[in-house]
Number of protein chains: 2
Amino acid sequence: MRIAVFGTGSVGRAIAARTAELGHQVTIGTRDVATTRAGEYAAWAAQHPEVGLATQADAAVDADLVVNATSGDGSLPALTAAGAANLSGKIVLDISNPLDFGAGFPPTLSVHNTDSLAERIQREFPQTKVVKSLNTLTAELMVRPRQLADGAHSVFVSGDDAEAKRIVTELLVSFGHTDVIDLGDISTARGVEMLLPLWLRLYGRLDTAMFNIKVVR
Amino acid sequence: MRIAVFGTGSVGRAIAARTAELGHQVTIGTRDVATTRAGEYAAWAAQHPEVGLATQADAAVDADLVVNATSGDGSLPALTAAGAANLSGKIVLDISNPLDFGAGFPPTLSVHNTDSLAERIQREFPQTKVVKSLNTLTAELMVRPRQLADGAHSVFVSGDDAEAKRIVTELLVSFGHTDVIDLGDISTARGVEMLLPLWLRLYGRLDTAMFNIKVVR
């Protein structure tokens, strides 16, 4: 697939490197290409010459799948910068969490309970097929789940479009995921976004981000 | 221990029967003893003659540990009916979930994100030692976790009082729990209460309540 990844942080880089390694054609989309290239991104880029860098609009226009790996409050601006026309008809794999650090750590959620960030994105860009997934894991485990208990843990997909969920599920399986649970429509993203407060407390308690939940049944 | 259980529903009954079976002295506390006795509770009570029935105040006054197994919106009324003086110094094991069915199924949460029901109880009854636990499981698995994967799944405790958490943890282990994770102070109850939206979707998806999450690390 041709994949555009929005977000130059650890999640964006992990997804870009892994999907490129798996043979996809990957371009990272950023607000300002020159600024990104001039920053500490350069060292990572030098090690990953196979990953392109372009504006969000240029990255999106040719993509089959757009990965939203921006911060929660950066998500709608990034997708808006890409342009609804460039995103039209495409799968948006939304990995972001609507974390609000306004009151320090642990953050609260800026959207929750009766809405979710994934639903906001779907409403704002109705011509896209939003699939929420991977937001419940640390970046390293998103893309290499077999590092932990040989992959014996769970990941979720939420979305209104069955074919888009199928394609995302296939991508997750190619990463090494063994238990992908389809929760249902995009409103089920509330559940996985609201898992974050527990995740953050476990992170503090276990003193590592290398954990995940398994749905035992 | 002398245990008072508030709540005559499936959770209260499961906790009462199991703790009595384990040798504790158990009394269920209810608003109106005569009404409860006259209802369908009678059939269950006939099978569990070892479990007492009393008003919430009478059940609480002699108890070492009070289990709040009422519905979310019944919690503060039940504890208020018991009386702050009767609860003073006692452990309150809070199992309830602040579910709001106002908009149908799945319910939303009436408290969330910057507060939790457990914190409300702790604030309202500062002389008690509130421990949040077990709210992330179906009743049958709360008290007999070995039924599922021989107990290879997780349960959480949240609370400000270390000794109260130790006593609750011991009780959970006596039920058969093998992985009790102490998340920290009572504010960490937000995380386990906010797990409910995901739990409810999994319940719908898996078509059974006999599942639980395991924290794989």
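Residues numbered from 1 in each chain as written. Chains lettered and ligands numbered in written order. Predicted model: local features only at pLDDT ≥ 70, side-chain atom pairs only at ≥ 80, totals over all residues. Heavy atoms only, no water.

**Quick word on empty space enclosed by the protein**
Residues and elements named next belong to chain A.
For step 1, the next point in the chain: Under the counting rule described, the total for this entry stands at two cavities of 30 Å³ or more.
For step 2, the next point in the chain: Of the pockets and cavities examined, the largest cavity occupies roughly 50 Å³.
For step 3, the next point in the chain: In terms of lining residues, the largest cavity is bounded by Thr136, Leu195, Leu198, Trp199, Leu202, Phe211, Asn212 and Ile213.
For step 4, the next point in the chain: Among the secondary structure elements, those contributing two or more residues to the lining of the largest cavity are helix H11 (196-206) and strand E11 (212-216).
For step 5, the next point in the chain: Here the element with the most residues in the lining of the largest cavity is H11; it accounts for three residues. (1 Å grid on protein atoms, 1.4 Å probe; cavity = no way out; pocket = protein on both sides within 12 Å on 5 of 7 lines; lining within 4 Å. Points joined across faces, edges and corners; volume = space filled by probe spheres on them. Helix = DSSP H or I, 4+ residues; strand = E, 2+ residues; numbered from the N terminus.)

**Things to note about the packing of helix H5 (residues 75-82) of chain A against helix H7 (residues 117-124) of chain A**
Residue and element names in this part refer to chain A.
For step 1, the next point in the chain: Between H5 and H7, whose axes approach to 11 Å, the crossing angle comes to 25°. By the criterion of interaxial angle, the relationship of H5 to H7 is roughly parallel. Of the two elements, H5 crosses H7, and the hand of that crossing is right-handed. Between H5 and H7, the residues in contact are Ser75, Leu76 and Leu79 and Leu117, Arg120, Ile121 and Glu124, respectively.
For step 2, the next point in the chain: Tallied by class, residues from the contact of H5 with H7 come to four nonpolar, one polar and two charged. (Axes fitted to C-alpha atoms, helices over the stretch in contact; angles between N-to-C directions. Parallel < 35°, antiparallel > 145°, perpendicular 65-115°, else oblique. Left-handed = near helix turned anticlockwise from the far one by under 90°. Contact = heavy atoms within 4.5 Å. Nonpolar A, V, L, I, M, F, W, Y, C, P; charged D, E, K, R; others polar.)

**Regarding the sheet that holds strand E3 (residues 52-55) of chain B**
All names here are of chain B.
For step 1, the next point in the chain: What the eight strands build is an open sheet, ordered E3-E2-E1-E4-E5-E8-E9-E10; its pairing is mixed. Two strands lie at the open edges of the sheet, namely E3 and strand E10 (179-184), each paired on one side alone. Between one strand axis and the next, the sheet turns by 25° as a mean value, whatever way the strands run.
For step 2, the next point in the chain: Two elements, strand E4 (residues 65-68) and strand E5 (residues 91-94), share four bridges in a ladder whose sense is parallel. By the bridge assignment for E5, Leu65 is matched with Ile91.
For step 3, the next point in the chain: Packing of helix H7 (residues 117-124) onto the sheet brings it into contact with E4, E5 and strand E8 (129-133), and relative to E8 it is tilted by some 170°. (Pairing = 2+ DSSP bridges.)

**Side note on the pattern of salt bridges**
Where charged atoms from two side chains of opposite charge come close, those side chains can pair.
All names here are of chain A.
For step 1, the next point in the chain: As enumerated under the stated definition, the model contains 28 salt bridges over all chains in all.
For step 2, the next point in the chain: In this structure, Glu40 and Arg13 form a salt bridge, with 2.9 Å as the shortest nitrogen-oxygen distance. Highlighted residues: Glu40 in the loop between helix H2 (33-38) and helix H3 (41-47) and Arg13 in helix H1 (residues 10-21), separated in sequence by 27 residues.
For step 3, the next point in the chain: You can call Glu40 exposed: its relative accessible area is 61%.
For step 4, the next point in the chain: You can call Arg13 buried: its relative accessible area is 15%.
For step 5, the next point in the chain: Close ionic contact of Glu21 with Arg144 constitutes a salt bridge, the shortest N to O distance being 2.7 Å. Highlighted residues: Glu21 in helix H1 and Arg144 in the loop between helix H8 (139-143) and strand E9 (154-159), separated in sequence by 123 residues.
For step 6, the next point in the chain: Judged by relative accessible area, Arg144 falls into the partly exposed class, the value being 31%.
For step 7, the next point in the chain: Salt bridges sharing common partners tie together Arg18, Glu21 and Arg144. (Salt bridge = Lys/Arg side-chain N within 4 Å of Asp/Glu carboxyl O. Buried < 20%, exposed > 50% of the residue type's maximum accessible area, 1.4 Å probe, protein only.)

**Brief notes about the UniProt feature "domain: Pyrroline-5-carboxylate reductase catalytic N-terminal" (unreviewed entry) in chain A**
For step 1, the next point in the chain: Sites flagged by UniProt as "domain: Pyrroline-5-carboxylate reductase catalytic N-terminal" (unreviewed entry) map to residues 2-98 of chain A.
For step 2, the next point in the chain: The straight-line gap between the two end C-alpha atoms of residues 2-98 of chain A is 26 Å; of that span, 44% is helix and 24% is strand. (UniProt positions renumbered as here; feature names shortened; annotations may be inferred.)

**Regarding unusual backbone geometry**
All names here are of chain A.
For step 1, the next point in the chain: Pro106 follows Phe105 through a cis peptide bond whose omega is -5°.
For step 2, the next point in the chain: Position of Pro106 among the secondary structure elements: in the loop between strand E6 (99-100) and strand E7 (108-109).
For step 3, the next point in the chain: Positive phi outside glycine occurs at Asp207, with the angle close to 65°.
For step 4, the next point in the chain: As for its placement among the helices and strands, Asp207 is situated in the loop between H11 and E11.

**With respect to the sheet that holds strand E3 (residues 52-55) of chain A**
All names here are of chain A.
For step 1, the next point in the chain: Here we have eight strands laid out as an open sheet, ordered E3-E2-E1-E4-E5-E8-E9-E10, and mixed in their pairing. The sheet is open, and its two edges are formed by E3 and strand E10 (179-184), each paired on a single side. This sheet shows a mean twist of 25° between the axes of neighbouring strands, independent of strand direction.
For step 2, the next point in the chain: Pairing between E9 and E10: five bridges, direction parallel.

**A look at the packing of aromatic side chains**
For step 1, the next point in the chain: Here the structure, examined in full by the defined rule, presents six aromatic pairs over all chains.
For step 2, the next point in the chain: Three or more aromatic residues joined by ring pairs form one cluster here, namely Trp199, Tyr203 and Phe211 of chain A. (Phe/Tyr/Trp six-rings, centres within 6.5 Å; stacked < 30°, edge-to-face > 60°.)

**A short note on the relation of the copies chain A and chain B**
For step 1, the next point in the chain: Each copy of the sequence occupies a distinct position, and chain A is placed on chain B by a rotation of 180° and an axial shift of 0.0 Å, giving an RMSD of 0.0 Å. Accordingly, the operation relating the two chain copies is best matched by a two-fold axis. (Least-squares fit on C-alpha atoms with pLDDT ≥ 70 in both.)

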